[in-house]
Amino acid sequence: MTQTEHKISIAVDAMGGDFAPQEIVSGAVAAAREGGIRPILVGPLEILEQELGKYDVSSLPIHCVNAENFVREADNPALTIRRMPNSSISVATKLLKSGEASAVVGATATGSLVASAIQNIGMIEGISRPVIGGVLSSAAPKTAVFDLGVNVDCRPMHLLQFAVIGTVYVRLLLGV
């Protein structure tokens, strides 16, 4: 694959998580160097450009998109997303919704990520609750777990929906 051919654009909330934006930008640069990924870093442009200035990214397919502000760990997730519609996680999920990105990565507070995804992308018809899950480790690479703490008061119907989502996931993405 040449430097200009890239398989997937991933919107990355560069301001979420521990040691952001340094560690997030470092990871995006490493992913771009590996090839096949076009990171779209989302956050205040001045901060992103300063952080990217630490690397030689002239030949890398890294793109930056401005976000006026970002969610902090202590912020109330639902209120923050409504009060800050141009936060880095909200802008990242809007890039997914518009088709400019094929995926979103955010290490922000889980509640903010979920609230932003619901507000900007919506829910799948027939699914009444969001669910977080996936492969836990290489020790069991064909095993996935869903509902890793997003929901604290599930009903049997929700667990059934999570099981259906997990089944589709392992069939399509893990080849089970």
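Student: Which parts of the structure should I look at to understand helix H6 (residues 156-173)?
Tutor: The first and last C-alpha atoms of H6 sit 25 Å apart over 18 residues, in line with the 26 Å expected at 1.5 Å per residue. Within H6, burial applies to His158, Gln161, Phe162, Gly166 and Val170. One side of H6 carries all its buried residues, which in axial view fall inside an arc of 165°. Seen from the open side of H6, the exposed residues pointing more than 90 degrees away from its buried face are Pro156, Leu160, Arg171 and Leu172. In the stretch just after H6, Gly175 is the one whose phi turns positive, near 70°.

Student: Is there a simple way to explain unusual backbone geometry in this structure?
Tutor: Keep in mind that most residues, glycine aside, have a negative phi and that most peptide bonds are trans. Cis geometry marks the peptide bond from Ala20 to Pro21, where omega comes out at 0°. Within the secondary structure layout, Pro21 lies in the loop between strand E1 (8-13) and helix H1 (22-34). At Phe19, a residue that is not glycine, the phi angle is positive and equals roughly 60°. With respect to the helices and strands, Phe19 occurs in the loop between E1 and H1. The exposed category is assigned to Phe19, whose relative accessible area is 64%.

Student: Help me out: how do you make sense of helix H5 (residues 110-120) in this one?
Tutor: Residues that lie three or four places apart on an α-helix share one face, since the helix turns once every 3.6 residues. Taken as a whole, H5 has its buried residues at Ser112, Val114, Ser116 and Asn120. Buried positions along H5 lie against helix H3 (77-83) and helix H4 (88-98). Residue Gly122 follows H5 closely and has a positive phi angle near 100°.

Student: Whenever I open this one, the layout of surface pockets confuses me. Can you help?
Tutor: Space left empty within the atom packing is revealed by a probe, the size of a water molecule, rolled over the atoms. Roughly 810 Å³ of internal volume is contained in the largest pocket. Together, 24 residues line the largest pocket, and Ala117, Gly122, Ile124, Pro130 and Val131 are the ones closest to its centre. Looking at the lining of the largest pocket, its residues break down into 18 nonpolar, five polar and one charged. Considered as a void within the structure, the second largest pocket measures approximately 150 Å³ in volume. Lining the second largest pocket we find Met15, Gly16, Gly17, Asp18, Ala20, Phe70, Val71, Arg72, Glu73, Thr108 and Ala109. Here the residues of the lining of the second largest pocket sort into five nonpolar, three polar and three charged.

Basis of the calculations
Residues numbered from 1 in each chain as written. Predicted model: local features only at pLDDT ≥ 70, side-chain atom pairs only at ≥ 80, totals over all residues. Heavy atoms only, no water. Helix = DSSP H or I, 4+ residues; strand = E, 2+ residues; numbered from the N terminus. Expected span 1.5 Å × (residues − 1). Buried < 20%, exposed > 50% of the residue type's maximum accessible area, 1.4 Å probe, protein only. Arc of directions from axis to C-beta. Contact = heavy atoms within 4.5 Å. 1 Å grid on protein atoms, 1.4 Å probe; cavity = no way out; pocket = protein on both sides within 12 Å on 5 of 7 lines; lining within 4 Å. Points joined across faces, edges and corners; volume = space filled by probe spheres on them. Nonpolar A, V, L, I, M, F, W, Y, C, P; charged D, E, K, R; others polar.

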